[in-house]
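Structural overview for review
Read off the chains here:
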Amino acid sequence: MNLRLGVNVDHVATLRQARGGHEPEPATAALLAQGAGAHGITVHLRADRRHIQERDLRILKEVLAVPLNVECAATQEAMEAVIPVGPSWVTLVPESREELTTSGGLDAIFLQGPLKQTVRELRAAGIRVSLFVDPVLDQVKMAAKLDVDAIELNTGTYSDLPMDADAGPELTRLREAARLASRLGLRVLAGHGLTPRNVGPVAAIPEIEELNIGHSLIGRAVLVGLERAIAELLAAMAEGRA
Ligand code: PXP
């Protein structure tokens, strides 16, 4: 199975919002990413609208040829903003206003009641649903029970390890969660904090179909350009897969 790259362009919008104007345009970045080999585009519509705005969703949906994946909280407010746009995928994530970025997976066990309703609503609108969860077997089992299409495994703990730490135990958790999810019929994605330096061992997990990567990629693109940053990342992913 080839490993796909979903490019998260939130931080192009972060730069735009810093001045409250029109530049840089996330849709332009998304089209450049698509041209450079991205297999999908991801954006996070946060409740505080700190980066991506509703107009971005509409424009991205209109111009992209690759699938659009919108991350959002499982709230009625988010559903009212996202469902009418009709993205290919919605990834449900936990969200708190204080956090700098998504800071952990959803507790699908604790939230099973409200999640069930949200998943039903999205699927009825023809939108595929993914749950962002930590690599915990009980969370994976609950995701399967909630009848979602996919899970995205949170690689944040792995990515935050110091360079000289033993990544073995965290990689084992990711491998076992990916294997169980696949056995339960779920598609498996992963992401958070991945970079060309640390992506290899995650790319090597055979059940993982797609990686969602944003911050390191946009940070590198500011220095060397988006096309080169994507080429470097795709090369590191291919090397890890091989
Ligand atoms: N996956 C999810 C669910 C996320 O919330 C994020 C961050 O927006 C990412 C992947 C990408 O993480 P990063 O920006 O660290 O590459």
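The numbers attached to residues start from 1 for each chain and follow its sequence in the written order. Given that this is a predicted model, residues contribute local features only at a pLDDT of at least 70 and side-chain atom pairs are listed and counted only at 80 or more, while totals for whole chains, interfaces and linings are drawn from all residues. No hydrogens and no water enter the side-chain calculation; it runs on all heavy atoms of the structure.

**Description of the overall build of the protein chain**
A tally of regular secondary structure across the protein chain gives 11 helices and eight strands. Our radius of gyration is a C-alpha quantity, and the globule rule it is checked against amounts to 2.2 Å times the number of residues to the power 0.38. Here the C-alpha atoms of the protein chain give a radius of gyration of 17 Å, agreeing with the 18 Å that 2.2 N^0.38 yields for 242 residues. Seen along its three principal axes, the alpha-carbon backbone of the protein chain occupies a region of about 45 × 40 × 35 Å. Accessible area is worked out with a 1.4 Å probe on protein chains only. A residue is then buried under 20% of its type maximum, exposed over 50%, and partly exposed in between. Residues classed as buried in the protein chain amount to 50% of the 242 residues present. Long-range contacts, defined here as pairs at least 24 residues apart, represent 67% of the contacts in the protein chain between residues at least 6 apart. The Shrake-Rupley method, run with a 1.4 Å probe sphere, supplies the accessible areas, and residue values consider only the shown protein chains as cover. Roughly 11200 Å² of accessible area belongs to the protein chain as shown, and the carbon and sulfur atoms make up 53% of that amount. Numbering of helices and strands runs from the N terminus; a helix is a DSSP stretch of H or I covering at least four residues, while a strand is a stretch of E covering at least two. Whether two residues are in contact is decided by their heavy atoms: any pair within 4.5 Å suffices.

**What to know about the packing of helix H6 (residues 137–145) against helix H8 (residues 168–183)**
When two helices pack together, their arrangement is given by the angle between the helix axes and by the axis-to-axis distance. Axis angles are defined between N-to-C directions and span 0 to 180 degrees, where every axis is a line fitted to C-alpha atoms and, for a helix, only to the segment in contact. Between H6 and H8, the shortest axis-to-axis distance is 9 Å and the interhelical angle comes to 20°. One finds that H6 runs roughly parallel with respect to H8. Along this stretch, H6 crosses H8, giving a crossing that reads as right-handed. Contacts from Leu137, Val140 and Lys141 of H6 reach H8 at Glu176, Ala177, Leu180 and Ala181. Charged residues are taken to be Asp, Glu, Lys and Arg, nonpolar residues to be Ala, Val, Leu, Ile, Met, Phe, Trp, Tyr, Cys and Pro, and polar residues to be all remaining types, Gly included. Across the contact of H6 with H8, the residue classes tally to five nonpolar, no polar and two charged. Here roughly perpendicular refers to angles of 65 to 115 degrees, roughly parallel to angles under 35, roughly antiparallel to angles over 145, and oblique to all remaining angles. Two helices that cross are described as forming a left-handed crossing if the nearer one is turned anticlockwise from the farther one by less than a right angle, and a right-handed crossing if clockwise.

**Things to note about the pairing of strand E7 (residues 187–191)**
Where burial is concerned, most of E7 is hidden: four out of the five residues are buried. With five bridges joining them, strand E6 (residues 150–154) and E7 adopt parallel strand pairing. Bridge pairing in E7 links Glu152 to Leu189. A pair of strands is labelled paired if DSSP reports no fewer than 2 bridges between them. Across four bridges, E7 lies against strand E8 (residues 208–213) in parallel orientation. Pairing of Leu189 across the sheet is with Glu210, part of E8.

**Some words on the side chain of Thr195**
Counting through the fold element by element, Thr195 comes out in the loop between E7 and helix H9 (199–203). A residue is classified by how much of its surface remains accessible, and Thr195, at 18% relative accessible area, is buried. The residues touching Thr195, leaving out its near neighbours within four places in the chain, are Ser216 and Leu233.

**Comments concerning the sheet that holds strand E3 (residues 68–72)**
Taken in spatial order, the eight strands line up as E1-E2-E3-E4-E5-E6-E7-E8 and close into a barrel, and their pairing is parallel. Strand after strand, the sheet turns through a mean of 25° between neighbouring axes, direction not considered. Judged from the four bridges that link them, strand E5 (residues 128–133) and E6 form a sheet pairing that is parallel. Counted as the bridge partner of Phe132 is Glu152 from E6.

Any functional reading would require information that these geometric values do not contain.
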